[in-house]
Amino acid sequence: MKINKNKGLFIAVLSSALVLSACGGGGAGSVNPGSSSELPTSQGSQAGSQPVSGGSSAASSQTSTPGSSQAPASSQGGSTSTLKYTYNTYLSTKPKTWNVHTWETSDESYIPAFTECGFYDLKLNAKKDGYEIVSEMASDYPIDVSNQIEAEELAMYGYSGNLAEGYVWDIPLNRNACWEDGTKITANDYIESMKRQLDPLMVNFRADSYYSSSLVIANADRYAKQGNEIMEALYNYVNLTTGKVDADFDGYYYININKYTPYVASVFSNADETTTLYTVLNQCESSDSAKLAAQRVLDAVYYYCWKFIDHTESADKDKWDEIKKVTDVKAEMCDFDINTEEFNLKDVKVRATLTETADAHSETYSEQKLQADLATVVAAMHGPTNKAWNWRLPLFGKIYNDYEQTWGDEDGATSGVGIVKVDNYKIRLFLAKQMTALDLKFSLTGNWLVKTDLYDRLKVNTGGLVVTKYATPDAGVAGYMSYGPYKLSDMEAGKQFKIVKNEKWYGYSDGKHVGEYMMDSIYTRIIPDHDTAKQEFLAGKLDDFDLNRTDMKTYGNSSRLTRTYESYTQKISFNSDRPKLLERQSSASNNKTILANENFRKGLSLGMDRNNFASQTTAGSKAFTALLNDLYLTEVETGEMYRNTAQGKAVYNMVYGKLGGDKNPFAPDYNEATDATPLSTRSNGFNFKMATYYVAQGLKEELESTETGHIVPNAKIALEFRVYDNESETTKDMLAFISQKFSDVVAAAVTQLKEEGVLKSSENITIEVKAQKDEDYYNTAKKGGYDMIFSTWGGAAINPQGLMEVYCKSDFDSTCEYGFKGKQDNVYIKIDANGNGEFDADENKSFNKWYIELNDIVETDERGSAAWTQKHNRILNILSGLEAGILNRFEAVPLVARATSSINSFKIENGTTQYINLVGYGGVRAMTFNYTNDQWTAFLKSHNNDLSELYKD
Amino acid sequence: MRNGKETLNYILKRLVLMIFTFLVIFVISFILIRLLPLDAATGVGKDPDTFYNMQVALGRMVKANDGTYHKTPVFEQLGAFIKQLFAPNTYKTTDGVVHTTSRWGYSWNISWLSAPDKLLVKQLPPTIIINIYSIIVSVPIGLALGTFMALEKNKWPDNVLSVLIMVLISVPSFVYAFLLQYFFAYVLKILPPLRADFDGNWFSLDMFKSMILPVVSMSFGSIAGYARYTRAELTEVLTSDFMLLARTKGLSRAQATIRHAFRNSLVPIFPMILGEILSILSGSIIIENIFAVNGVGGLFLQSIQMKDYDVFQFVSMFYIAIGLVGGLVVDVSYGLVDPRIRMGGGKA
């Protein structure tokens, strides 16, 4: 669907919402308000005086009798008699809410996309070949006041020392902004709305947009989470004079050797967030007593985790099942908060002397002994104190946040959340994370404003929750207040809603929106059935229609076709974890463990012609071989697309560089220097010959393997492909395609193995891919209960670095590549981050460490300066290095960069015919009309209300 | 119904059984839906704690000492749910206003914070109206067709209609729905393809016209069913000995058919009609989707798919109650229609 608003950008920037959509099948609704620019409306007089831009349109030449005074086709909307330009559209699902504090899906952000405004917005530039940032609810760009704030005030928000730029920003507000009832919107509205957004008693799914994304308002998380118990390092709370814990906590102490605590930073000057208590204990060797104490602590933790924690539902169950003695336990397996009192309640054994190992089990441990040992360690490791209570320093506790975080007073005179009113039309943001002005503007393309009196009036206290019916179908139009170019005027929950021009919107009279927002109403119906929507569109009663793969055969060449690109890359994610695969396979002759073989996976990847996959099974997606598609920007100001940078382009070569040609790279006479041939980028990672070699090599290695459950001759490789909807035609086509390609390449590899004598002529190996419906497949995948799935991650187009979290962050919960899950800390990769052409000593780090570094670089220097260029190149180098590193594991095998195709009626015209990153085709702001409602009715009548033939060309 | 007391006893016994059945199904439904996994949506920069804390506050999950979330034991949830059904459901805010909360909980996934009963009631009118129109259309036509076919048994009109009826029974209703919509709305353009917007009057001309296609789509199957049953029953009755007696007593064919045969043939058909009347509260998912009716058709399935526990519980219990009451009413109606049928008589 075509209507796109800035809201989409807000979605992308603030939430970076990832979607693991069931490929092809389970997608959300058809409307995608995400991805481009603003709302429309024409100023009453403007719209009236604006000529219908029919001349340029093919459609306009077909107008039979424009100007007919018949009732408009859109009169189904009910109130279009006085409306000139009505946009008729549809949603296939019903939004459950459109409250900006709680919305989760794109359908739920659909209404606010018309009725609300961000501080800033992106719109098509004058040339219509790019975008520009404009102020909307802000009157001007943000002003960096970081170095103008008094130290005393800074301290209230947790800053210390001289504050660098990019932390404190003033946002001047638009003085003309008002609610649809005419009430002015002032700084108080923003402050009070944010207070409700972060209200710890409320269920607001968008609250994390202000503390978990790139926009991190100081103390926002602490405020939002107060009243909750949070496991925190006690180091921050121990009074170094009295030794008491200055926090409201339950008196229990917890030990977790795998967590970072600021205590370790007091021991190691170079400690970062990946340094844990384990590092301290492991390196505590200053004396025998200290070494013994440290070992005993580790023994106790290992023993407890092994014997007393239930791992039956753990993702690491297999690893724990293999443990036969304490010394088999690895530190990284023990990421548990253990209540130290447990050492009194359970029979935990440790070594008694240094000469023993943990397996000696010679001494029963206790909480007191743990405290004594920790005290010894802390004293030995030159912690901050030698006091008897210093055992508390490395521990954790459940801290209650009830009274810790106040909101602060209106003027920000007391410590509080980092959003304060400077005057009636200026707010100040104190950020916990440094931001550039540009990033902040992007982050503020959305808003958190709600009409607080109405919002409060609609609150419901149910059980332990406080929730509001503001902006819900239940409260209806009366339970919502607009402040954007349009307002909600009528609705029948679940059936339709009407949005009309908001005459009170400042944009109609400020002279800055001339020629924008031409339409004066939007009539949206809920039409769940795709075919019904199609018929409505062909009868001229809808102005856009989302095409599916079948429709593409008929309308794929239509002049009215538009393609909307998404940030999602659809991939196959393989389970490469051998123990888990072994557990899943019924026998070696019904094999799954082959997926643990990298060469085999690589061969399958090379065996898929992604160009054919895209054209045969999708409605507009394009073949793709990387993780981050063309939408991702690494330089927002200039629109620099990551994929167009030298580093972005180099990734293909880093993965497929030597996989062209048709010589077997595993043959004894293969000479890489002379035989290796680059694989054409046009082939999109497809080379059947090479696929055969790699699959054959993988099979050979596995046939000769000594691993339990390895593949045997005459085995069938039985792969279960978990999909959201196995009945969807698209999914069926995709699976049929993949299954056929896998079969082809395995058959070819088997022939090769027979020729090589690895398999006898009577022996065979086949592969079968079976679809398994699993609506919760991503949760199944994160527990390893799958062979392969479609994983489809996407995120903020301006933050490709952030998206790498899903592949590289060691504690990311939903990693789809189970074989790599949790290993990001242990698997190292060399990246030429400084671009000097060599791998320096400090350029070999774990994926997780590279990821952390990548996201810690802030480009605050002047753009184009040497320092800026160095940082920028470093970002690109690390990003491309990580991307290639993940791809080279062949656990995540990209297939297509997702796109949706839709078709527009002849009535409307997009702002541009070329898709432009971040603004799409210009959105509602730039949309123009070729026909008025009356003219459109006449046009339809002249074609007997059937435009089906017209849309084919 | 020879004995009123016997019948009353039978009804009471059935009522007790019905309540017991209702409770068993209530518990089973509750347990099954709550056994489905609960997982927060995940994503870059997302804080799943908001979701999990919400589940904790709703009593569906508990937070363990190690910070992980686990589902509350299902029987504990059941206890809390039953308590909520009977506990006071009002509270007073600091401004003195008394608020009432929903005893059946709230929808969190289909329609944020809508009480399940209100959600159902809000979507019932179009479903009920379409079903009533359908009954009004299908019952007389079905009976008339069946009677005609019985009277014309084995003649060409009967054969033609029998074939047609078999087609109507065999083809799923959504096929008619698509065809009817396509021809009457998009080709002939004489009827609206979708249900009209509600403008405050469910019985306006526009609304009526817009319901014609879904009503006809839903009626085809019913018409065929009634016609087939009526034909079969009436054919059997018409060949009965008492019909011969009636004719020999001097009744005309029409008199004998209407006064004796038709009434007797209604014995199995009347409960069928009654059952249909009771089912006016349930909608067809596919028909409602095709014509954008926005009725209750998809509510039940949606509540399962979206794990909207409270909506599922209320909607399933609502329909189960109707089903149970309907079963009882139909059974009792046999006795009303045909006094020869004895209720709860036990052994003869």
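Residues numbered from 1 in each chain as written. Chains lettered and ligands numbered in written order. Predicted model: local features only at pLDDT ≥ 70, side-chain atom pairs only at ≥ 80, totals over all residues.

Draft legend 1. Structural context of the interface of chain A and chain B. Residue-level contacts link 56 residues of chain A with 44 residues of chain B. Those elements that provide at least two residues to the side of chain A that touches chain B are strand E14 (459-462), strand E15 (465-468), strand E18 (521-526), helix H15 (530-538), helix H25 (800-803) and helix H26 (805-808) of chain A. Ranked by residue count, the leading element in the side of chain A that touches chain B is H15 of chain A, at four residues. Residue classes in the side of chain A that touches chain B are distributed as 18 nonpolar, 23 polar and 15 charged. (Contact = placed C-beta atoms within 7 Å. Helix = DSSP H or I, 4+ residues; strand = E, 2+ residues; numbered from the N terminus. Nonpolar A, V, L, I, M, F, W, Y, C, P; charged D, E, K, R; others polar.)

Draft legend 2. Structural view of the sheet that holds strand E17 (residues 496-501) of chain A. All names here are of chain A. Strand order in the open sheet made by the four strands is E1-E18-E17-E16, with mixed pairing throughout. Two strands close off the open sheet at either side, each with one partner strand: strand E1 (86-91) and strand E16 (486-492). The sheet shows a mean angle of 20° between the axes of neighbouring strands, taken without regard to direction. With six bridges connecting them, E1 and E18 associate as parallel partners. (Pairing = 2+ DSSP bridges. Axes fitted to C-alpha atoms, helices over the stretch in contact; angles between N-to-C directions.)

Draft legend 3. Quick look at the packing of helix H4 (residues 116-151) of chain B against helix H7 (residues 205-238) of chain B. Residue and element names in this part refer to chain B. Interaxial distance between H4 and H7 falls to 6 Å at its minimum, and their mutual angle equals 35°. Viewed along their axes, H4 and H7 form a crossing whose handedness is right-handed. The residue inventory of the contact of H4 with H7, partitioned by class, reads 20 nonpolar, ten polar and two charged. (Left-handed = near helix turned anticlockwise from the far one by under 90°.)

Draft legend 4. Looking closely at the domain arrangement of chain B. Assigned domains of chain B: these are domain 1 (47-101) and domain 2 (116-337). One C-alpha centre belongs to domain 1 of chain B, the other to domain 2 of chain B, and the line joining them spans 43 Å. (Domains from an automatic or database assignment.)

Draft legend 5. Summary view of the sheet that holds strand E4 (residues 143-144) of chain A. All names here are of chain A. Taken together, the four strands give an open sheet; going across it, the order is E4-E5-E13-E12, and neighbouring strands pair in antiparallel fashion. Edge strands, defined here as strands with exactly one partner in the open sheet, are E4 and strand E12 (419-423). Where strand E5 (residues 168-172) lies against strand E13 (residues 426-430), five bridges are found, and the strand directions are antiparallel. Each bridged residue has a counterpart across the sheet, and for Ile171 the counterpart in E13 is Ile427. Each of E12 and E13 touches helix H5 (residues 187-197); the most contacted strand, E12, lies at about 170° to it.

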